[in-house]
Number of protein chains: 2
Amino acid sequence: VAYDDINLRVPGPTPVPEQVALSGARPMVNHRGPEFAATVAEVLERLQPFFGIQSEPLLLTGSGTGAQEAAIVNMLSPGDEVLSVTAGVFGERFGAIAEAFGAEVTRVQGEWGKAISAETVAEAVRDNPAIKAVILTHNETSTGVTNDIAQLVAAIRREATGPQPVVLVDGVSSIGAIPFRMDEWDVDVAISGSQKAWMSPPGMAMVGVSERGWAAHAEARMPRFYWDFTKARKNGEKRTMPFTPAVGVVHAMQEALRLMNEEGPENIYTRHAAIGERVRTGLQALGLELFAEPTAASNTVTAVRTPEGIDTSTLIKALRQRRVVVANGQDWLKGSIFRIGHMGWVHERDIDALIVALEATLDESRLEQAV
Amino acid sequence: VAYDDINLRVPGPTPVPEQVALSGARPMVNHRGPEFAATVAEVLERLQPFFGIQSEPLLLTGSGTGAQEAAIVNMLSPGDEVLSVTAGVFGERFGAIAEAFGAEVTRVQGEWGKAISAETVAEAVRDNPAIKAVILTHNETSTGVTNDIAQLVAAIRREATGPQPVVLVDGVSSIGAIPFRMDEWDVDVAISGSQKAWMSPPGMAMVGVSERGWAAHAEARMPRFYWDFTKARKNGEKRTMPFTPAVGVVHAMQEALRLMNEEGPENIYTRHAAIGERVRTGLQALGLELFAEPTAASNTVTAVRTPEGIDTSTLIKALRQRRVVVANGQDWLKGSIFRIGHMGWVHERDIDALIVALEATLDESRLEQAV
């Protein structure tokens, strides 16, 4: 339970434990001084097991969308052919950013609420032999679907006939909560954001880059300055960050990563799997229909179809009265689903409290309808 | 004095009052919900007097450099002619970003440590009649020089023979501490950062845009997504921010702006002027030479020439032992000057403590040299 009594269950920002928030309120320091260097070193080291990489991730100041933009402008040149595999708002956005910066984007549209199949990706790679990059979403926050990145990347690697494309993976709402093995899966760029699985406030993005990714970066000609990976790497080597970082967010993340290290990655993944299951079981017991197909159900975000005859925003407002905050659907799903975040600092009691509040709210709505 | 006992006197991040830091540690909220909307509304309203604008500023998630990039990509198209008036690291950077995104940049180099003269700018505008934009720095953080923006913009407006260029002003280390009158001075884009005059942690940038700026934005074709002003304006109208903002930083800033509102803009400017004077007088009393010419000395940052025979980084380390943190010079000034920040949460006692510590440190260094 949060140190206030709001059960914040949107898919990010997620609740921040009190000791993490207070760590974020530590006195300000010089971002080029030794105290901050020690913080950065610790953060970098503790991030690695969650990304599943041997190299150090890059730290950037911005949101997950900023990290998407960073991935695009650091890996590509205008005119490059890109395969954007999408089945939700965040996959769409990643492709839209590539287009905004001049890439030739071919979209592979999956069905929203379903996992992307390896066969779909394989076929798209066969049909587009000149692609420089493939964009994938690990966990689609808008639909509550987790894709099997290992399998999708294997299909790409198998089908690519020219030079291997770089594979960019949006892990914003997965890494840190769901197993991610960047090196093992042969992913080239993986991004995440402090406010998702990391129990920290928003403001910081983390990016893993493979050797193939660095080679692509050396050739990439899209204009960039703020997001430049070379600057981020050079600063990381000096245990700092480019420009003036969100020092408080880094301080918070330092404490959050200590807690995550104590719990241990495997325990964290197990907890999220159990929580995900508990959310789904609880919702189904209320007679609610889940949006995602069961085999691809995310352990960090669950999208629920709003029951017939109930208005989604009215439901969300009524839930707020019971101190539970959930999110509406996005894009064409706005009004027909609501979304529950359950990543980072989340425990059984938060979910039980959510289900109880939801049950009471639905009963109330149905009573009002009956009147 | 800070709630810890470090006298943080780098030119940003600046010290954060305890109640501001704790406000930043408030429980996390949904950035699309009513609590955050109330915070954003309050922040927007309280920023306006400091920017000197009638319209609402834009709020972005990132550093001051991010805001520089935002200003460039939202105002210009590749190939546009730009006049970059620079006499320091941050002026150089602003021009470099314009170049990175494909502008044709003509640099007007002022002497570092001196104010840019209106005549220099007037001449450059006459010589470059096709310019779309002029980039100015209000307060050059690398040299401790404040430029007379009113006078420089007046020169631009007078000399421009074609359509008026947009004037982009870096006010990162001035707005909120030194009078800034965006509307009155006819500035088109003005940027600032939360970690400078605003007594808040880093992570948020604020941008004022004039009507001429919005017209230029509508024509501007540089690629952009994350920094897009249209998205920022639409979100601001809904009392939120694009993507996932650094909620904690916005919460901190809300409290800082309450304090700033209580003190009042004029009192804040007077305090900074008095503090600036106290810094310069104190340093000169120690026999130290200021880098900036007296008439252009900044009231937020002072650059000091390192005395003959003393190593700058050794001096900075020795000052750290006395719990005072100052910054080295940047670029070619590294090692020959050190810089003192005195903006935001700064009072006479902080400066007096700094001067005392500096005196003791210099005495010590000279003794060691003598040995």
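Below, the structure is looked at part by part. Since this is a predicted model, take the numbers as computed values, not measurements.

**Quick word on the nonpolar core**
Working step 1: The biggest cluster of nonpolar side chains holds 142 residues, and the ones touching the most others in it are L136 and W198 of chain A together with L136 and W198 of chain B.
Working step 2: Discounting residues that sit within four places of it in the chain, L136 of chain A has contacts with V85, I149, L152, V153, I156, V167, L168, V169 and D170 of chain A.
Working step 3: M75, L76, A98 and V172 of chain B belong to the second-largest nonpolar core, a separate cluster that totals 70 residues.

**Topic: empty space enclosed by the protein**
Working step 1: By the definition in use, this model includes 12 cavities of 30 Å³ or more.
Working step 2: By volume, the largest cavity is sized at about 170 Å³.
Working step 3: Lining the largest cavity are 21 residues, with G24 and G248 of chain A together with G24, P201 and G248 of chain B sitting closest to its centre.
Working step 4: Secondary structure elements with two or more residues in the lining of the largest cavity: α1 (18-24) and α10 (247-263) of chain A together with α1 (18-24) and α10 (247-263) of chain B.
Working step 5: The element contributing the most residues to the lining of the largest cavity is α10 of chain B, with four residues.
Working step 6: A breakdown of the residues in the lining of the largest cavity according to their chemical character gives 16 nonpolar, four polar and one charged.

**Focus on the pairing of strand β5 (residues 133-137) of chain A**
Residues and elements named next belong to chain A.
Working step 1: Burial runs high along β5: five of the five residues are buried.
Working step 2: The pairing of strand β3 (residues 81-86) with β5 spans three bridges and is parallel. The residue of β5 that forms the bridge with S84 is I135.

**Observations regarding the relation of the copies chain A and chain B**
Working step 1: Superposition of chain A onto chain B requires a rotation of 180° combined with a translation of 0.0 Å along the rotation axis, giving an RMSD of 0.0 Å. Taken together, the rotation angle and the small translation identify this as a two-fold axis. Looking at the rotation axis and the C-alpha trace of chain A, the residue lying nearest is G62 of chain A, at 2.6 Å.
Working step 2: Residue by residue, 100% of the interface of chain A is reproduced at the interface of chain B, so both copies engage with the same surface.

**Brief notes about the interface of chain A and chain B**
Many descriptions give the size of an interface as the accessible area lost when the pieces come together.
Working step 1: Across the boundary between the two partners, chain A contributes 46 residues, which contact 47 residues of chain B.
Working step 2: For the pair chain A and chain B, the summed buried surface comes to about 3600 Å²; carbon and sulfur atoms form 70% of the total.
Working step 3: The interface formed by chain A and chain B holds two salt bridges in total.
Working step 4: Of all the secondary-structure elements, those providing two or more residues to the side of chain A that touches chain B are α1, α2 (34-51), α3 (64-75) and α4 (89-100) of chain A.

**A word on the sheet that holds strand β9 (residues 189-193) of chain A**
Residues and elements named next belong to chain A.
Working step 1: In space, the seven strands of this open sheet follow the order β2-β10-β9-β8-β5-β3-β4, with mixed pairing throughout. Each edge of the sheet is formed by a strand with only one pairing partner; in this case those strands are β2 (58-61) and β4 (104-109). Shown here is a sheet whose adjacent strand axes are inclined to one another by a mean of 20°, direction ignored.
Working step 2: Inspection of the sheet shows β2 paired to strand β10 (residues 204-209) by four bridges, in the antiparallel sense. Across the sheet, residue L60 finds its bridge partner in β10, namely A205.
Working step 3: Running over the sheet, α4 touches β3, β4, β5, β8 (166-170) and β9 and is turned about 165° from β4.

**Some points on the side chain of T86 of chain B**
All names here are of chain B.
Working step 1: Relative to the helices and strands, T86 is located in strand β3 (residues 81-86).
Working step 2: Of the polar contacts made by the side chain of T86, one reaches the side chain of E92; its length is 2.5 Å.
Working step 3: Not counting residues up to four positions away in its chain, the partners in contact with T86 are G91, E92, V108, Q109, G110 and I116.

**Quick word on the environment of N299 of chain A**
Residue and element names in this part refer to chain A.
Working step 1: For N299, the location among the structural elements is in the loop between β11 (289-290) and β12 (301-305).
Working step 2: Between the alpha carbons of N299 and G341 there is a distance of 9.1 Å; along the sequence they are 42 residues apart.
Working step 3: Sequence-distant contacts of N299, that is, excluding residues within four places in its chain, are made with T146, I178, H272, A273, G276, E277, R280 and H342.
Working step 4: Looking at N299, its side chain comes within polar contact range of the side chain of R280, at 3.1 Å.

**Topic: the packing of aromatic side chains**
Working step 1: Scanning the entire structure with this criterion turns up 21 aromatic pairs over all chains.
Working step 2: A centroid spacing of 6.2 Å and a plane angle of 20° characterise the contact between F51 of chain A and W198 of chain A, whose relative ring orientation is stacked. Taken together, the residues span a long stretch of sequence, with F51 of chain A in helix α2 and W198 of chain A in the loop between β9 and β10 at a distance of 147 residues. Accessibility assignment for this pair places F51 of chain A and W198 of chain A in one class, buried.
Working step 3: Where W227 of chain A meets Y226 of chain B, the ring centres are 5.1 Å apart and the plane angle is 80°; that geometry is what we call edge-to-face.

**Description of a positive patch on the surface**
Working step 1: A cluster of basic side chains, namely K334 of chain A together with R32, R233, K234 and K238 of chain B, defines a positive patch on the protein surface.
Working step 2: Tracing the chain through its elements places K238 of chain B in the loop between α9 (229-237) and α10.
Working step 3: On the basis of relative accessible area, K238 of chain B is assigned to the exposed category, the value being 63%.

**Brief notes about the pattern of salt bridges**
Working step 1: Overall, the coordinates contain 50 salt bridges over all chains when judged by the stated rule.
Working step 2: Between E159 of chain A and R126 of chain A there is a salt bridge whose closest N-O contact spans 3.1 Å. Of this pair, E159 of chain A sits in helix α6 (residues 149-159) while R126 of chain A sits in helix α5 (residues 118-127); the two residues are 33 residues apart in sequence, bridging distant segments of the chain.
Working step 3: Under the relative-accessibility criterion, R126 of chain A is labelled partly exposed at 40%.
Working step 4: Close ionic contact of D228 of chain B with K231 of chain B constitutes a salt bridge, the shortest N to O distance being 4.0 Å.
Working step 5: Using a relative accessible area of 25% as the deciding quantity, one classes K231 of chain B as partly exposed.

Conventions and cut-offs
Residues numbered from 1 in each chain as written. Chains lettered and ligands numbered in written order. Predicted model: local features only at pLDDT ≥ 70, side-chain atom pairs only at ≥ 80, totals over all residues. Heavy atoms only, no water. Core = buried A, V, L, I, M, F, W, Y, C linked by side-chain atoms within 4.5 Å. Buried < 20%, exposed > 50% of the residue type's maximum accessible area, 1.4 Å probe, protein only. Contact = heavy atoms within 4.5 Å. 1 Å grid on protein atoms, 1.4 Å probe; cavity = no way out; pocket = protein on both sides within 12 Å on 5 of 7 lines; lining within 4 Å. Points joined across faces, edges and corners; volume = space filled by probe spheres on them. Helix = DSSP H or I, 4+ residues; strand = E, 2+ residues; numbered from the N terminus. Nonpolar A, V, L, I, M, F, W, Y, C, P; charged D, E, K, R; others polar. Pairing = 2+ DSSP bridges. Least-squares fit on C-alpha atoms with pLDDT ≥ 70 in both. Buried area = accessible area lost by both parts, 1.4 Å probe. Salt bridge = Lys/Arg side-chain N within 4 Å of Asp/Glu carboxyl O. Axes fitted to C-alpha atoms, helices over the stretch in contact; angles between N-to-C directions. Polar contact = N/O pair within 3.5 Å; in protein donor to acceptor, adjacent residues only side chain to side chain. Phe/Tyr/Trp six-rings, centres within 6.5 Å; stacked < 30°, edge-to-face > 60°. Patch = residues over 30% accessible without salt bridge, like charges linked within 9 Å, V, L, I, M, F, W, Y side chains within 5 Å. Areas by Shrake-Rupley, 256 points an atom, 1.4 Å probe, with all protein chains shown as cover. Lys, Arg positive; Asp, Glu negative; His and termini not counted. Charge placed at Lys NZ, Arg CZ, Asp CG, Glu CD.

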